[in-house]
Amino acid sequence: MIDLYRSTPATTTTMIPRLLFACLAAFTFAPGIAAAQPPREIKNVVMIVADDLKASVLGCYGDEVCATPNLDRLARNGMVFQRAYCQGTWCLPSRISFMFGRYRDKENVSLGQHLQTHGFSSTRVGKIFHMRVPGDIIAGTDGQDHPECWSARFNSPGPEAHTPGEYACLNLNIVTRDLQNRQSTRMPHRMFVSVKGDADGTEQPDYKSASKAIELLKQSPERPFFLAVGLVRPHYPMVAPSEYFEPYGIERIKMPANWHDDTDDIPKLGIAKTNNRKNSIGKYPDNQKRMWAAYYASVTFMDHQVGRILDALEDSPHRDQTAVIFTSDHGYHLGEHGFWQKSNLHEEVIRVPLLIDAPGMPSGQTDSLAELVDLYPTICDLVGVPIAAAAEGTSLMPVLADSTASVKSEALSFQNGTSIRTDRWHMMRYNDDSEELYDMHNDPGETTNLANQSQYAEVLKGLRERLRERTDHFTERKTQR
């Protein structure tokens, strides 16, 4: 039986210099003092990207059920961004955005290519740019990769829904061990599939990706390196060895407070395509809890692979000169508002986990707004590489130095319109001019749309003006092409 709750401790010899540098960092980066570079040289970056992972399910983001000991360990050592947001709300546009450092296009040199021109190796393991899951994973193909971004790249094929074990298609209420007739590539019900695998997980793509990353970390590179590791879980099908499902009986699952259908005040373009009114998952309340259980199981399995990578880095000669970044391409609906999946502008989809452990920088948590488009300039700053002029994000280095610092006043996301998220307010303005407005301090579950309430007219006006200022920039750029 795997101990899902074990967090691998750092060794004493590792902890002493880390604590020393943390103390130095706390002195160097007193509040109000900005610094362009960390107090010690960072040569390398390991960036780990999960798929379809909502921030709220991680222990370090407050979930009391899901076991994520390794990400919690990374969080303790680094900076936890409590309010980080994606720009694209599904895999393809989000990954293009943070890998090119642009909100809505590719009009820049990719991050990996840019680092290569400054003497770095740039290696991809698994899914970084868009791959079809499960299609490209089963086939072991590159998907919509950008080969110029990489000096080396490795795919991690796996059986996905065809993994031997207990298969469930939860919206059809089917449970079977039969390997035939399983929902898989391009099939309409694949989003509700889970598999409790019979094997130990070594056949799964994320295990293979972690193993390749470990192999690479054991090498002695001639150049500083950027290692991007893409893990496909918890993206459907939610597959993990059966023991990872055992801690998550449905008696432990509490559906979100806003899980009942509350769409009467949500505009048409704000309603997710997959929802309880249109999909048969709405007929099976217990299966909705099983969706959560399967999601948790696949998150814990993914977390275990992160732990393997972190352990290998700790044991390598690169640790004290390597920054580690963990994030996801976007979040996910698991029944909130009666919605499922992604491609939506509500908080559950646009909010992502972002953990950055940079040697020499203080650990902590920050409420500073951040966007995934900020990763490009932040990574450049961490390793002392000039930021490409076309990058549109903002370096998060001031926040890494001082958790109370702020580098931006809003975050933007795009899907059938534009979302603007500020400290207190979240407004979505759709392509048909319909709107949603939420007071995130008093209504974090976004249950009451305030857009049509007269007392919020001035708030709405100010957000519209700010959104217009930001989106006019995109319109002008499109006109100039």
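Scoring rules and cut-offs
- Residues numbered from 1 in each chain as written.
- Predicted model: local features only at pLDDT ≥ 70, side-chain atom pairs only at ≥ 80, totals over all residues.
- Heavy atoms only, no water.
- UniProt positions renumbered as here; feature names shortened; annotations may be inferred.
- Axes fitted to C-alpha atoms, helices over the stretch in contact; angles between N-to-C directions.
- Helix = DSSP H or I, 4+ residues; strand = E, 2+ residues; numbered from the N terminus.
- Parallel < 35°, antiparallel > 145°, perpendicular 65-115°, else oblique.
- Contact = heavy atoms within 4.5 Å.
- Salt bridge = Lys/Arg side-chain N within 4 Å of Asp/Glu carboxyl O.
- Buried < 20%, exposed > 50% of the residue type's maximum accessible area, 1.4 Å probe, protein only.
- Pairing = 2+ DSSP bridges.
- Nonpolar A, V, L, I, M, F, W, Y, C, P; charged D, E, K, R; others polar.
- Expected span 1.5 Å × (residues − 1).
- Polar contact = N/O pair within 3.5 Å; in protein donor to acceptor, adjacent residues only side chain to side chain.

- Going by an unreviewed UniProt entry, the chain carries the name Arylsulfatase and comes from Stieleria magnilauensis.
- Quoted verbatim from the Cofactor (unreviewed entry) field of the UniProt record, the comment on the chain reads "Ca(2+)".
- Per UniProt, the comment on the chain under Sequence similarities (unreviewed entry) is "Belongs to the sulfatase family."

## Focus on the packing of helix α6 (residues 205-217) against helix α7 (residues 285-314)
Here's step 1: Across the interface, α6 lies against α7 with an axial gap of 9 Å and an inter-helix angle of 5°. For the element pair α6 / α7, the angle class is roughly parallel. Contacts from Asp206, Tyr207, Ala210, Ser211, Ala213, Ile214 and Leu217 in α6 reach Phe301, Met302, Gln305, Arg308, Ile309, Ala312 and Leu313 in α7.

## Overview of the pattern of salt bridges
Here's step 1: A full pass over the atoms with the stated rule returns 32 salt bridges.
Here's step 2: Between aspartate 105 and arginine 102 there is a salt bridge, with the nearest N and O atoms lying 2.8 Å from each other. You'll find aspartate 105 and arginine 102 in the same group, each marked buried.
Here's step 3: Among the ionic pairs, arginine 470 bridges to glutamate 410, the shortest N-O distance being 2.7 Å. Here the residue arginine 470 occupies a position in helix α11 (residues 457-480), and glutamate 410 occupies one in the loop between α10 (397-401) and β18 (411-414), the gap between them amounting to 60 residues.

## Comments concerning the sheet that holds β18
Sheet strands pair by backbone hydrogen bonding; their relative direction is either parallel or antiparallel.
Here's step 1: Spatial ordering of the open sheet is given by β18-β19-β20-β21, a layout of four strands whose pairing is antiparallel. In the strand order of this sheet, the two ends are held by β18 and β21 (435-439), each with one partner. Pairs of neighbouring strands in the sheet enclose a mean axial angle of 10°, with direction left out of account.
Here's step 2: Sheet analysis places β18 next to strand β19 (residues 417-421), joined by four bridges and oriented antiparallel. Its bridge partner lying in β19, phenylalanine 414 is registered against threonine 418.

## Some points on the environment of phenylalanine 98
Here's step 1: In this structure, phenylalanine 98 sits in helix α3 (residues 91-100).
Here's step 2: Taking C-alpha positions, phenylalanine 98 is 7.2 Å from aspartate 374, a pair spaced 276 residues apart along the chain.
Here's step 3: Non-local contacts of phenylalanine 98, meaning those with residues more than four positions away in its chain, are made with Met47, Val49, Asp329, Leu372, Leu375 and Tyr376.

## Focus: the side chain of histidine 114
Here's step 1: The residue histidine 114 is located in helix α4 (residues 111-116) in this model.
Here's step 2: The class for histidine 114 is buried, based on a relative accessible area of 8%.
Here's step 3: Residue contacts for histidine 114: discarding those within four places in its chain leaves Val109, Tyr376, Cys380, Val385, Pro386, Ile387 and Ala388.

## Some remarks on the packing of helix α2 (residues 69-77) against α7
Here's step 1: At a closest axis distance of 7 Å, the pairing of α2 and α7 adopts a crossing angle of 50°. Between α2 and α7, the angle falls in the class oblique. Of the residues in α7, those touching α2 at Pro69, Asn70, Leu71, Arg73 and Leu74 are Met302, Asp303, His304, Val306, Gly307, Leu310 and Asp311.
Here's step 2: Within the contact of α2 with α7, the residues separate by chemical class into six nonpolar, three polar and three charged.

## Quick look at the pairing of strand β11 (residues 322-328)
Here's step 1: Burial of β11 is extensive: seven of the seven residues sit out of reach of the surface.
Here's step 2: Neither face of β11 is open: one carries Thr322, Val324, Phe326 and Ser328, the other Ala323, Ile325 and Thr327, and all of them are buried.
Here's step 3: Judged from the seven bridges that link them, strand β1 (residues 44-51) and β11 form a sheet pairing that is parallel. Its bridge partner being in β11, alanine 50 is matched across the sheet by serine 328.
Here's step 4: When β11 meets strand β15 (residues 354-357), the two strands line up antiparallel, connected through four bridges. For phenylalanine 326, the partnering residue across the bridge sits in β15 and is leucine 355.

## Regarding α7
Here's step 1: With 30 residues, α7 ought to run about 44 Å at 1.5 Å a step, and its terminal C-alpha atoms sit 43 Å apart, in line with that.
Here's step 2: By the criterion of burial, α7 is predominantly enclosed, with 23 of the 30 residues buried.

## Observations regarding the side chain of aspartate 329
Here's step 1: Relative to the helices and strands, aspartate 329 is located in the loop between β11 and β12 (333-334).
Here's step 2: Within polar-contact distance, the side chain of aspartate 329 engages the side chain of arginine 95 at 3.0 Å.

## Notes on the pairing of β18
Put simply, side chains in a regular strand alternate between the two faces of the sheet.
Here's step 1: Along β18, one buried face is formed by Ala411 and Ser413 and the opposite face, lined by Leu412 and Phe414, is buried too.
Here's step 2: Linking β18 to β19, which pair antiparallel, is a turn of two residues; within it asparagine 416 sits at a positive phi near 55°.

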